[in-house]
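# Structural overview
These are the residues of each chain, in order.
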Amino acid sequence: MSDGDSTLSQAADAVEEASNHKALDVLARTGFAVMALLHVIVGAIAIAIAFGHPGEAEATGAIAQLADNTWGPFVMWACVAACLGLALWQASEATLRARSLPRKERLAKLVSSGFLAIAYGSVGLTFAGFAVGQRSDSGENTRDFSASLMAHPLGPWVLAALGLTVLGIGIYFMVKGFRRGFKEELFHFDGTRRGRLIDSLGVTGHVAKGIALDLTGLLFVIAAAKHQPEESTGLDGSLKALQDHPFGPALLVAIGAGFIAYGIFALIRARFGRM
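These lines cover the structure that appears in this document, whether it is placed above or below. (Residues numbered from 1 in each chain as written. Predicted model: local features only at pLDDT ≥ 70, side-chain atom pairs only at ≥ 80, totals over all residues. Heavy atoms only, no water.)

This part takes up the overall build of the protein chain. Regarding its fold elements, the protein chain presents 10 helices and 0 strands. Counted from the first residue to the last, the protein chain has its helices and strands arranged as α-α-α-α-α-α-α-α-α-α. Residues counted as buried form 44% of the 275 residues belonging to the protein chain. A total accessible area of about 14800 Å² is found for the protein chain, and carbon and sulfur atoms account for 65% of it. (Helix = DSSP H or I, 4+ residues; strand = E, 2+ residues; numbered from the N terminus. Buried < 20%, exposed > 50% of the residue type's maximum accessible area, 1.4 Å probe, protein only. Areas by Shrake-Rupley, 256 points an atom, 1.4 Å probe, with all protein chains shown as cover.)

Attention now goes to the environment of Ser 146. Mapping Ser 146 onto the fold places it in helix H6 (residues 138-150). Overall, the relative accessible area of 0% leaves Ser 146 in the buried class. A C-alpha to C-alpha distance of 9.5 Å links Ser 146 and Val 158, two positions 12 residues apart in sequence.

Moving on, we come to the nonpolar core. Counting residues in hydrophobic clusters, the biggest one holds 39 residues, and the most contacted among them are Leu 38, Met 76, Phe 127 and Leu 239. Element by element, the count of residues in this core is highest for helix H2 (residues 22-50), at 12 residues. The next biggest cluster of nonpolar side chains, apart from the first, holds 8 residues, and it includes Phe 182, Ile 198, Val 207 and Ile 268. (Core = buried A, V, L, I, M, F, W, Y, C linked by side-chain atoms within 4.5 Å.)

For the structure on display, the rule yields 0 disulfides. As a non-bridged cysteine, Cys 79 has Cys 83 as the owner of its nearest cysteine sulfur, 6.1 Å distant. Using a relative accessible area of 1% as the deciding quantity, one classes Cys 83 as buried. (Disulfide = S-S within 2.5 Å.)

This part is about the packing of aromatic side chains. As enumerated under the stated definition, the model contains 5 aromatic pairs in all. Ring geometry for Phe 173 and Tyr 262: centres 6.3 Å apart, planes at 65°, overall edge-to-face. Note that Phe 173 is positioned in helix H7 (residues 155-178) and Tyr 262 in helix H10 (residues 248-272), a separation of 89 residues in sequence. For the pair formed by Phe 173 and Tyr 262, the shared burial category is buried. A connected cluster of aromatic rings, assembled from ring pairs, spans Phe 32, Trp 89 and Tyr 120. If you follow Arg 269 out to its NZ or CZ, it ends over the ring of Phe 32, 4.4 Å from the centre. (Phe/Tyr/Trp six-rings, centres within 6.5 Å; stacked < 30°, edge-to-face > 60°. Lys NZ or Arg CZ within 6 Å of the ring centre and 35° of its normal.)

In this structure, Asp 214 sits in helix H8 (residues 193-226). Within the buried core, Asp 214 has no salt-bridge partner, and the shortest N-O distance to an opposite charge, that of Lys 209, equals 12 Å. With residues up to four places along the chain from it excluded, the contact list for Asp 214 reads Val 166, Leu 167, Gly 170, Ile 171 and Met 174. (Lys, Arg positive; Asp, Glu negative; His and termini not counted. Salt bridge = Lys/Arg side-chain N within 4 Å of Asp/Glu carboxyl O. Contact = heavy atoms within 4.5 Å.)

For any two helices packed against each other, the geometry is given by the interaxial angle and the distance between the axes. For the pair H8 and H10, the least separation of the axes is 7 Å and the interaxial angle reads 125°. What the angle tells us is that H8 and H10 run oblique. Both H8 and H10 take part in a crossing whose hand is left-handed. Facing H8, whose interface residues are Ile 198, Leu 201, Gly 202, Thr 204, Gly 205, His 206, Ala 208, Lys 209, Ile 211, Ala 212 and Leu 215, H10 presents Ile 255, Gly 258, Phe 259, Ala 261, Tyr 262, Ile 264, Phe 265 and Ile 268. Of the residues contributing to the contact of H8 with H10, the split by class is 13 nonpolar, 5 polar and 1 charged. (Axes fitted to C-alpha atoms, helices over the stretch in contact; angles between N-to-C directions. Parallel < 35°, antiparallel > 145°, perpendicular 65-115°, else oblique. Left-handed = near helix turned anticlockwise from the far one by under 90°. Nonpolar A, V, L, I, M, F, W, Y, C, P; charged D, E, K, R; others polar.)

Structurally, the position occupied by Ala 257 is in helix H10. Classification of Ala 257 by relative accessible area gives partly exposed; the value is 38%. Residues Ala 257 and Gly 205, spaced 52 residues apart in sequence, show a C-alpha to C-alpha distance of 8.2 Å.

So, about a nonpolar patch on the surface. On the surface, Leu 107, Leu 110 and Val 111 cluster together into a nonpolar patch covering about 280 Å² of accessible area. Looking at the element boundaries, Val 111 is found in helix H5 (residues 103-131). Look at Val 111 and you get exposed, because its relative accessible area is 55%. (Patch = residues over 30% accessible without salt bridge, like charges linked within 9 Å, V, L, I, M, F, W, Y side chains within 5 Å.)

Quick look at unusual backbone geometry now. Most of the time, phi is negative for any residue but glycine, and the peptide bond is trans. Phi is positive for Arg 180, which is not a glycine, with a value near 55°. For Arg 180, the location among the structural elements is in the loop between H7 and H8. Residue class for Arg 180 comes out partly exposed when judged on its relative accessible area of 38%.

Honestly, it's all geometry; don't read function into it.
This is the structure:
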């Protein structure tokens, strides 16, 4: 190994050691708790929509609920720090901590944790926007994004690919739920009565989230196939579209309850999960 390679390796070791600091661990766990709370709120909004009440069953709708209180600005900035801390932790998972893994596993970790780092970072930026008074509608943003894509020759193909990607992520969540793939993240209660209850929450939550993501991805594919970007309305639009079907409200309640189950599971994971 050359002196340059040795220096880079030592620098990476130093950065990895810094990423294991207790402060980042606390921030990341708090970030998981924030994401869990958002899932609970989205689930509650979805159930309310099923009974005819207004609301936005997506992240921005949940964040708006948190912002509309006396402690709103403080809560927003605290959530910014937590989500960005979680994004940084996921980025270190994707790069520094994956260095010793076999090449195939390292690549898989880079894709999965890298995607989560971007997702959590974007949620943190959304919180920041609400903190400074710049509220947004993610459904409208999704439609605008789809319309800008469709304006380019390859836009429909890119939009379809995005939809298929979201569909794939949804299927991944469903498979993870049915196979209990989340148990490696949370083994603190293995073999106990509480553990069986947590398993049930994990299965229900992962499957419900997978179904919701598949509906969202399907709308992207339909929008691309029909060249109608207004069809891609994000999670809120995909859930509200269920209201037009005979069993839609019942399915909407089931998905909402599943999101709440996922949120409760994620709260437990935030406290006791392996980091």
